[in-house]
Amino acid sequence: MSAAAILSSRKSIDGVTTTAVLVTILAWASAFPAIRAGLQAFGPIELGALRFVIAAVPAALFLVVTRPAWPNVSDFLRLAAGGLLFVAFYTALLNMGEMTVSAGAASFIINTNPIMTAGLAMIMLGERFTARAWAGTAVSFVGIGLIAFGEGKGMHLDIGALLILGAALCNSVTTVVQKPLFTRHKPLTVSAWNMVIGALALSPWLPNAASEFAVASASGIQAVVYLGLVPSLVAYGTWAVALSRLPASRASNFMYCVPPVATLLGFLWLGEVPTILGAIGGILALVGVAVVNWRR
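Here we summarise the structure given alongside this text. It should be emphasised that the depicted structure is a prediction, and the values quoted were computed from it without experimental measurement. (Residues numbered from 1 in each chain as written. Predicted model: local features only at pLDDT ≥ 70, side-chain atom pairs only at ≥ 80, totals over all residues. Heavy atoms only, no water.)

Moving on to the pattern of salt bridges. A side chain of one charge can pair with a side chain of the opposite charge if their charged atoms are brought near each other. Using the criterion set out here, one finds two salt bridges in the structure. With its nearest N and O atoms 2.3 Å apart, the salt bridge here joins R245 to D14. Note that R245 is positioned in helix α11 (residues 218-245) and D14 in the loop between α1 (3-10) and α2 (15-38), a separation of 231 residues in sequence. Across the pair R184 and D75 runs a salt bridge whose closest N-O atoms are separated by 2.7 Å. With a gap of 109 residues between them, R184 in the loop between α8 (159-178) and α9 (187-202) and D75 in helix α4 (residues 73-97) connect regions that are remote in the sequence. (Salt bridge = Lys/Arg side-chain N within 4 Å of Asp/Glu carboxyl O. Helix = DSSP H or I, 4+ residues; strand = E, 2+ residues; numbered from the N terminus.)

Glancing now at the side chain of N95. With respect to the element layout, N95 can be found in helix α4. A polar contact of 2.9 Å, which involves the side chain of N95, links it to the backbone oxygen of P44. (Polar contact = N/O pair within 3.5 Å; in protein donor to acceptor, adjacent residues only side chain to side chain.)

Time to look at α2. With 24 residues, α2 extends 34 Å between its outermost C-alpha atoms, agreeing within 8% with the 34 Å of an ideal straight helix rising 1.5 Å per residue. Along α2, the helix axis deviates most sharply at F32, where the bend reaches about 30°; the proline P33 sits within four residues downstream. Backbone nitrogen of V16 and a side-chain oxygen of the N-cap are separated by 3.4 Å at the start of α2; the cap is D14. (Expected span 1.5 Å × (residues − 1). Bend = angle between axes of the 7 residues up to and from the residue.)

Right, dumping it as structure tokens:
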């Protein structure tokens, strides 16, 4: 294990890191219902294209104003991986998967991501994930499973499940591939490049998206604007901040908080009462995250 990885693994979570994690969790928890609302008015890839062109405009302005150091070839390949995998492919696969997979099942499948990330980080970054951390991850994963079953729709899985699993893999690979960038580039610079490159990759679908936008309902337009500004522009930035300050495996583990927070938001905003199984699952997910991040 490298000295940098050891130092990073011992770093306590300060106020900036805590804020970045909390904002990311809240924003990404709200993305799932927003995606479902957006899919009522737009095709899955068209929704992604509009979402990220909205995010890419202020991101590009940020790069123009701050004029960060131009990335070398190696860094640009890592940035391109983020734009293509974490923005374009992730969004397209998740949106297409959510057309046939229930929200609970989708949250269960997408949360294979922390497990994939921990394994990849151990192999590629030399990070150490202890037995206690693996145990906490298992507890969280069981909790997410209970949330999925608590929907009352079971775990009916089809080709959409494979698409969402592919989205989870895109997330994990990007997390590990981009982690080294933060030693040379600021987190918001990395996030901005991801937005711009991802939007360019999705741009071939913009003409169809524009046609759908012209006849979209007000709720559909509101959903895509919200997705572009909050779960994309803001949350991708705060996620980059969190990833720059924590080991990849540990940062990714916090994403187990997203489904229980999404359940809580559904209760507070929409009056959706969680089932007993779902409530127990949410508690287990949060307990698992606490186990992973507990420090003596």
